[in-house]
Amino acid sequence: MVRRFAQIDVFTAVAGYGNPVAVVLDGDGLDEAAMQRFARWTNLSETTFVLPPTDGAADYRLRIFTPGGELPFAGHPTLGSCFAWLAAGGRPRSGALIVQQCAQGLIPIRRQQTAAGQRLAFAAPPSVRSAPAPELLAQVLRALGLPAARLRRARLLDNGPVWLTLQLDRAETVLALRPDHAALARLGYKVGVVGMHQAQPAPALIEVRAFAAPIGVDEDPVTGSLNASLAQWLIEAGELPAAYVAAQGTALGRAGRVHVECDTGGAAPSTSSGQAASTGSGQVWIGGDCVCVIQGEVVL
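Cut-offs applied
- Residues numbered from 1 in each chain as written.
- Predicted model: local features only at pLDDT ≥ 70, side-chain atom pairs only at ≥ 80, totals over all residues.
- Heavy atoms only, no water.
- Core = buried A, V, L, I, M, F, W, Y, C linked by side-chain atoms within 4.5 Å.
- Buried < 20%, exposed > 50% of the residue type's maximum accessible area, 1.4 Å probe, protein only.
- Helix = DSSP H or I, 4+ residues; strand = E, 2+ residues; numbered from the N terminus.
- Arc of directions from axis to C-beta.
- Contact = heavy atoms within 4.5 Å.

Visitor: Where do I start with the nonpolar core in this structure?
Guide: Nonpolar side chains in soluble globular proteins tend to be buried together. One finds Leu230 and Tyr244 to be the most contacted residues of the largest nonpolar core, which totals 51 residues. A total of seven residues in this core trace back to one element, the largest contributor, which is helix α6 (residues 224-236).

Shown next as structure tokens:
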């Protein structure tokens, strides 16, 4: 069957400098095996399939696949798929928000006017935070080749995808990392690292990297889910302001920019286990520019 297709570069206004996502706009009728096979074929970090919603509050439903398996939620595929859906004539039920249905639930997406045009931003879903086991943390530091003195704090962040996230002393330390990806794959955890640029003004307030060897992606160029959960964590901790720009992809020759805004609101609740369930100071929105690079049809 011939299906509409687009490849969108996300978190960039210039094609080739963000994170690409493959979007099949007519995914209805494909089974999971066919979706997974196509995701392996594109060999991008994520490939998505747009489907009719099954929830009356949603505008469309999305399934998200990496080369190694399906994800309940991911950030750059959310923005890129929404961009492609709108460009293909999708009309949201509400003029203010687009609502995406995925395995993680309903994800609101808003449109923001900028000097360059229109930017999309998704509402970061709630995440759960917990402390990593000391032995696991020590193994991750060894796999990264990172002295413990460079580490400021660490948390397991779960908003569908689980990221073992490390706040380091500075952005230069983040950029200097040369991980042992095979060792990270054996540990079975995706690892995010973040550090603040010391010299200001800088292209962005913080530098982020995402190592995802367990799902077949050594380093993801720009990662919405990681930026969402680390923003919730570090804004609540007082480490980051309520609005900032994060850089990601620098080590890969990209220039991803993640625009973060936190609405004012109440404190986050905790789960019965004592783990913090984030929203911190209020709803966090993760925004990024999108560029259509490929548009056409695929036979699936």
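Visitor: Got a minute to help me understand the environment of alanine 124 in this structure?
Guide: Residue placement: alanine 124 occurs in the loop between β8 (117-123) and β9 (128-130). When the C-alpha positions of alanine 124 and glutamate 207 are compared, they lie 19 Å apart, and in sequence the two are 83 residues distant.

Visitor: What is the right way to look at helix α3 (residues 134-144) in this model?
Guide: Two residues of an α-helix separated by three or four positions point the same way, owing to the 3.6 residues in each turn. Looking at α3, one finds that the buried residues are Leu136, Leu137, Val140, Leu141, Ala143 and Leu144. Buried residues of α3 fall within an arc of 160 degrees about the axis and therefore sit on the same side. With respect to the buried face of α3, the exposed residues turned more than 90 degrees away are Pro134, Glu135 and Arg142. Here the buried face of α3 lies against β10 (151-158), β11 (162-168), α5 (181-187), β12 (190-196) and β13 (206-212). Just downstream of α3, glycine 145 is the residue with a positive phi angle, here 65 degrees.

Visitor: What is the right way to read unusual backbone geometry from this model?
Guide: Within the chain, phenylalanine 11 stands out as a residue other than glycine whose phi angle is a positive 65 degrees. Here phenylalanine 11 is to be found in the loop between β1 (2-10) and β2 (19-24). Of note, the phi angle at asparagine 43 is positive, near 60 degrees, even though the residue is not glycine. Positionally, asparagine 43 belongs in the loop between α1 (32-42) and β3 (47-51).

Just distances and angles here, no functional claims.
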